[in-house]
Amino acid sequence: MDRIAVLIPCWNEGLTIEKVVADFKRVLPEAVIYVYDNNSTDRTADLAERAGAVVRHEYRQGKGNVIRSMFRDIDADCYVMVDGDDTYPAENARTMVNLILEGKADMVIGDRLSSTYFEENKRPFHNSGNMLVRRCINMFWGESSLEIKDVMTGYRAFSPMFVKTFPILSKGFEIETEMTIHALDKNLLLANVPVSYRDRPAGSVSKLHTFRDGAKVLKTIFMLYKDYRPLRFFTAAAVLLALISLALFLPVFHEYVITGLVPKLPTLVTSGFFMMAAVVFLGIGLMLDTEVKSSRKNFEIQMNIIRMMLKKIRKRGDVPLL
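Residues numbered from 1 in each chain as written. Predicted model: local features only at pLDDT ≥ 70, side-chain atom pairs only at ≥ 80, totals over all residues. Heavy atoms only, no water.

Regarding the layout of surface pockets
We count it as follows: Here a cavity is any set of points on a 1 Å grid over the protein atoms alone where a 1.4 Å probe fits but cannot get out, and a pocket is any open set with protein on both sides within 12 Å along at least 5 of 7 lines; a residue lines the site when it has an atom within 4 Å of a point. Grid points are joined across faces, edges and corners, and a volume is the space filled by probe spheres set on the points. The numbering of helices and of strands both runs from the N terminus, where a helix is a DSSP run of H or I of at least 4 residues and a strand a run of E of at least 2. Think of it as three bins: nonpolar holds Ala, Val, Leu, Ile, Met, Phe, Trp, Tyr, Cys and Pro, charged holds Asp, Glu, Lys and Arg, and polar takes everything else, Gly as well.
Looking at the second largest pocket, its volume works out to about 350 Å³. In this structure, the second largest pocket is lined by 19 residues; those nearest its centre are P167, K186, Y228, S295 and F299. For the lining of the second largest pocket, the leading source of residues is helix α11 (residues 265-316), giving seven residues. Its residues placed into classes, the lining of the second largest pocket shows eight nonpolar, five polar and six charged.

In structure tokens form, the structure reads like this:
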């Protein structure tokens, strides 16, 4: 088991990967640097290996697929994830690592938006997209005592408890959103660390498609809210359907009170169908909420089992317990 593992997912980052590896080796000399090459067509893998990184390959395209393999393959007391495009400074890594090793956080978020991101980033739609995603997360999971400052950042540190209990479903750039929601929903310890951000150097090209990947992120938030908060989701849908039903029913009822007749029978029938749908949606929400609570109980038990296993592994390896 490594003490600290630095995880760098890469796709065609030959221009910057040597510098990123060298920077993190300088700041975290005790860490093992892992570069996972995701079908690069340039010399990313060769340059990373020359810089001293352990190079592995992930042949399923997509950042989510790369992170899934990293989390499965590597065992460490602390994980640092960073992009290979040299937009994040290595100097913040020590602070992030200490928060994990001292047991003060299960995930540390490298917060770009509170520092230089809006000055350095040259893509205005990325700015507004980051703000929209942050507002959505804090609105839907707002009962957390900690406000999430940056959802889409690729600079994070994790505890082994987070890494080994995180069920990765995303294949692409939605992975950071999924990580954040998982930590909030499972009441894991979170911390924000402001980090400076610098735009990509000339010649380095972003792999993020603003509108396509932005739509995937918003879809991920919507679907995970349905999965993690089904009672709220389906209750809101039931209330909307009930209001539509009442809007259709009241004019018909008013006319019946005055004339004793129901000339708009199709409207009355439609109103009834909307009300039935509202009742069905409410029932679905109640049933799924029971399932979610049961799943959350099982998750807590699994976390206890994993914690005991990690303690045994550390004892066998003569590694100090956290």
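Structure's up, so let's keep going.
Quick notes on the pairing of strand β3 (residues 54-57)
Regular strands place side chains that alternate from one sheet face to the opposite one. Applicable threshold: DSSP bridges decide pairing: two strands pair if at least two such bridges lie between them. The crossover handedness rule: strands pointing away from the viewer, path from first strand over the helix to second strand clockwise, crossover right-handed.
Bridge count between strand β2 (residues 32-37) and β3: four bridges; the pairing is parallel. By the bridge assignment, Y36 is partnered in β3 with R56. The parallel pair β2 and β3, bridged by helix α2 (residues 44-50), forms a crossover whose chirality is right-handed.

Concerning helix α4 (residues 93-101)
As a reminder, the rule being used: Buried means the residue's accessible area, taken with a 1.4 Å probe over protein chains only, is under 20% of the maximum for its type, while exposed means over 50%, and partly exposed covers the values in between. The arc in question is the one traced by the directions running from the helix axis out to the C-beta atoms. A contact between two residues is defined here by any heavy atoms of the two lying within 4.5 Å.
All buried positions along α4 are accounted for by A93, M96, V97, I100 and L101. An end-on view of α4 places all buried positions within 130 degrees of arc, on one side of the element. Against β1 (2-10), α1 (17-27), β4 (76-81), β5 (107-111), β6 (156-158) and β7 (190-194) lie the buried residues of α4. Just downstream of α4, G103 is the residue with a positive phi angle, here 75 degrees.

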